[in-house]
Amino acid sequence: TPRVTADVLLQKKRAGQPITALTAYDFPTARLVDEAGIDLVLVGDSVGMAVLGYENTLPVTMEEMLHHTRAVSRGVRRALLVADMPYGSYQASVEDGIRNAVRFVKEAGAQAVKIEGGRKHVDLIARLADAEVLVVGHIGLTPQSVHRMGGYRVQGKSAEAMDALCADAQALEAAGAIAIVLEGIPRELATVITARSGVPTIGIGAGPDCDGQILVFHDLFNLTFSAPAKFSRRYADGAEFFSRAIEQYRDDVAGRSFPSDAESYHLPREVQLPREV
Ligand code: KIV
Ligand code: NA
């Protein structure tokens, strides 16, 4: 199967075929997501909360993102592989942003990077295009802005905020972004942005009218140790699944029913244990 490219996503938008996207953070989950035929795999900085136990995404480092992106890259054959630029890796200067984005492509196998924010990053995105780095934009509820937003709040509810987000989407497209993640905005606004956008929109908490949808892997499987957000859907109870199996293993070891003789290695029939053993 040929690799999903930016053009494949664009053709899907134009054909009205939904783009499927999901996060992954390690080799086995990347294999499963890729083999299920998901179009886009994101190594999100949500790895900080989902896998590393941080309070929010702000502490996630370049080294952590590269480490997880490499693992995912080894498991992905078909999907477009996108890596999140972590907080602090592109805020100080355009040069920082270019150097760090190139690392994801050069050292970790990413096909594109994702950057939170709209108009304020058009210079960086244009320079990244010059440097042959594909960029996915991300606007609306941007988790790296948690302190400015005063929490994870739905964005774009006032006329001014809607104008600002429409301008951000237009600017991202003009700067060369290959897709735009719309997170935590009213469905009605996402519908308008998607209709006006020449590049695919990928929604999370942005309603059903986006060109595609993305969710966090651990939200799908109840592996977050918290109540699901309104926009998320739980497809299986992974916590229950793993807990039952772990408890069974614990009981089998404690009760000496694991391992069995059949799960043990044996000496060949002709070999005797030396007497001194
Ligand atoms: O980090 C992440 O998982 C994301 C998606 C939710 C879009 O940015
Ligand atoms: Na992210």
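All values derive from a computational prediction rather than experimental measurement.

Focus on the overall build of the protein
Helix and strand content of the protein: eleven helices and eight strands. Dimensions of the protein, computed from the C-alpha atoms along their principal axes, are close to 85 × 40 × 40 Å. Partitioning the contacts of the protein with sequence separation of at least 6, the portion at a separation of at least 24 is 59%.

Structural notes on unusual backbone geometry
Of note, the amide linkage connecting Phe258 to Pro259 takes the cis form, showing an omega dihedral of -5 degrees. Topologically, Pro259 is positioned in the segment after helix 11 (238–254). Of note in this structure, Glu132 is not a glycine but carries a positive phi near 70 degrees. Along the chain, the position of Glu132 falls in the loop between helix 6 (122–130) and strand 5 (134–140).

Notes on the confidence of the model for the protein
Within the protein, residue pLDDT values average 98, and 100% of them lie at 70 or more. Interface confidence in the predicted complex, given as ipTM, is 0.99; pTM for the same model is 0.97.

Points about the pairing of strand 4 (residues 112–116)
Most of strand 4 is tucked away, with five of its five residues classed as buried. Burial along strand 4 is two-sided: the residues Ala112, Lys114 and Glu116 and Val113 and Ile115 are all buried. Relative to strand 4, strand 3 (residues 80–84) runs parallel, the two sharing three bridges. Paired with Asp84 across the strands is Lys114, a residue of strand 4. Read from strand 3 through helix 5 (residues 94–108) to strand 4, the crossover connection turns out right-handed. Each parallel crossover has a hand, and the one from strand 4 via helix 6 to strand 5 is right-handed.

Looking at the sheet that holds strand 5
Sheet architecture is closed into a barrel: eight strands sit in the order 1-2-3-4-5-6-7-8, paired in parallel fashion. Between one strand axis and the next, the sheet turns through 25 degrees on average, direction left out of account. With five bridges connecting them, strand 4 and strand 5 associate as parallel partners. Among the inter-strand pairings, Ala112 is bridged to a residue of strand 5, identified as Leu134. Along the sheet, helix 8 (residues 159–175) contacts strand 5 and strand 6 (179–183); its crossing angle with strand 5, the most-contacted strand, is approximately 180 degrees.

Regarding the site of ligand 1
Residues in close proximity to ligand 1 include Thr23, Leu42, Gly44, Asp45, Ser46, Asp84, Val181, Glu183, Ile204, Ile214 and Val216, which together make up its full environment. Looking at side-chain class alone, the shell around ligand 1 contains five nonpolar, three polar and three charged residues.

Concerning the UniProt feature "active site" (unreviewed entry) in the protein
Here, the residues flagged by UniProt with the feature "active site" (unreviewed entry) are Glu183. For Glu183, a count of 22 C-beta atoms within 10 Å puts it in the buried group. For Glu183, the residues in contact, after removing those within four places along its chain, are His138, Gly140, Leu141, Thr142, Ile204, Gly205 and Ala206.

Here we look at the UniProt feature "binding site: 3-methyl-2-oxobutanoate" (unreviewed entry) in the protein
When the UniProt feature table is mapped onto this chain numbering, "binding site: 3-methyl-2-oxobutanoate" (unreviewed entry) sits at Asp45, Ser46, Asp84 and Lys114. Taken together, the annotated residues stretch across 70 residues yet fold into one region, lying no more than 12.3 Å apart by C-alpha. Sequence-distant contacts of Ser46, that is, excluding residues within four places in its chain, are made with Thr23, Thr57 and Val216. With respect to the element layout, Asp84 can be found in strand 3.

A few points about the packing of helix 6 against helix 8
It is the contact of helix 6 with helix 8, at a shortest axis distance of 9 Å, that shows an interaxial angle of 20 degrees. The angle between helix 6 and helix 8 places the two elements in the roughly parallel class. As helix 6 runs across helix 8, the sense of the crossing is right-handed. Every residue of helix 8 that contacts helix 6 at Val122, Ile125 and Ala126 is listed here: Ala171, Leu172 and Ala175. Classifying every residue of the contact of helix 6 with helix 8 gives six nonpolar, no polar and no charged.

The rules we used
Residues numbered from 1 in each chain as written. Chains lettered and ligands numbered in written order. Predicted model: local features only at pLDDT ≥ 70, side-chain atom pairs only at ≥ 80, totals over all residues. Helix = DSSP H or I, 4+ residues; strand = E, 2+ residues; numbered from the N terminus. Contact = placed C-beta atoms within 7 Å. pLDDT = per-residue confidence, 0-100. Buried ≥ 20, exposed ≤ 12 C-beta atoms within 10 Å, placed from the backbone. Pairing = 2+ DSSP bridges. Right-handed = clockwise from strand over helix to strand, strands pointing away. Axes fitted to C-alpha atoms, helices over the stretch in contact; angles between N-to-C directions. Near = placed C-beta within 6 Å. Nonpolar A, V, L, I, M, F, W, Y, C, P; charged D, E, K, R; others polar. UniProt positions renumbered as here; feature names shortened; annotations may be inferred. Parallel < 35°, antiparallel > 145°, perpendicular 65-115°, else oblique. Left-handed = near helix turned anticlockwise from the far one by under 90°.

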